[in-house]
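Structural overview for review
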Amino acid sequence: MAARFLWASRVASHLRISVAQRGFASVVLKDLKYAESHEWVKIDGNKATFGITDHAQDHLGDVVYVELPDLGRSVSQGESFGAVESVKATSDINSPVSGKVVEVNEVLTESPGLVNTSPYEEGWIIKVELSDAGEVEKLMDSDKYSKFCEEEDATH
């Protein structure tokens, strides 16, 4: 009986180590920049497209509603411009850069689940004309964002 207990303890100990070393599993794309509030941004000239990250949508669960801003609205880096509602919670969407909204992803009004299934492509949220391209330098690259998420998940 003691041998079985010892074996079970070793297996349990090994499993805990394996789980801890599993690491960060969300998709993080190399050509994007990331905010600490879990929004991504893709810069194309003086325009930027953004949405919420795979990591954010994974933590939110199934998205059921996306609040979109009006065209022409000004957004400021770090400030809320909309919200994402899921079966678990409602979360503000913060602007990773400042600019003027030139396009919104209207498809999300009918298919908000695209934020879950395709957060970096079909699930983009808005496009803006940049007002300060230098703000991009304040954002994280993919490696820093992955490390940020690992550390954040370890504390929760």
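This section reports on the structure supplied with the text. (Residues numbered from 1 in each chain as written. Predicted model: local features only at pLDDT ≥ 70, side-chain atom pairs only at ≥ 80, totals over all residues. Heavy atoms only, no water.)

Considerations on the sheet that holds strand S4 (residues 63–67)
Just so we agree on the cut-off: Strands are labelled as partners when DSSP assigns at least two bridges between them. Secondary structure follows DSSP: runs of H or I at least 4 residues long count as helices, runs of E at least 2 residues long count as strands, and numbering of each begins at the N terminus. Only the stretch in contact is used when fitting a helix axis, every axis being a line fitted to C-alpha atoms; angles between N-to-C directions are given from 0 to 180 degrees.
Taken in spatial order, the three strands line up as S4-S6-S7 in an open sheet, and their pairing is antiparallel. In this open sheet, the two edge strands, each paired with only one partner strand, are S4 and strand S7 (90–94). Direction aside, the axes of adjacent strands within the sheet are offset by 25° on average. Of the pairings in the sheet, the one linking S4 to strand S6 (residues 80–86) comprises four bridges and is antiparallel in character. Across the sheet, the residue bridging to Val66 is Val84, located in S6.

Some details on the nonpolar core
In plain terms, the rule: Nonpolar cores are built from buried Ala, Val, Leu, Ile, Met, Phe, Trp, Tyr and Cys residues. Side-chain atoms within 4.5 Å join them into one set. The rule is simple: take the accessible area with a 1.4 Å probe, protein chains only, and divide by the maximum for that residue type; under 20% is buried, over 50% is exposed, in between is partly exposed. Any two residues whose heavy atoms approach within 4.5 Å are treated as being in contact.
With 26 residues, the main nonpolar core has Phe50, Ile52, Val97, Ile125, Ile126 and Val128 as its most contacted residues. Secondary-structure elements contributing two or more residues to this core are strand S3 (47–52), helix H2 (54–60), S4, S6, strand S8 (99–104), helix H4 (114–117) and strand S9 (126–130). The contacts of Ile126, once residues within four sequence positions are left out, are Ala48, Thr49, Phe50, Pro69, Phe81, Val101, Glu103 and Val104. If you look at the next biggest cluster of nonpolar residues, it comprises ten residues, including Tyr34, Trp40, Met140 and Phe148.

Geometric values such as these leave the question of function open.
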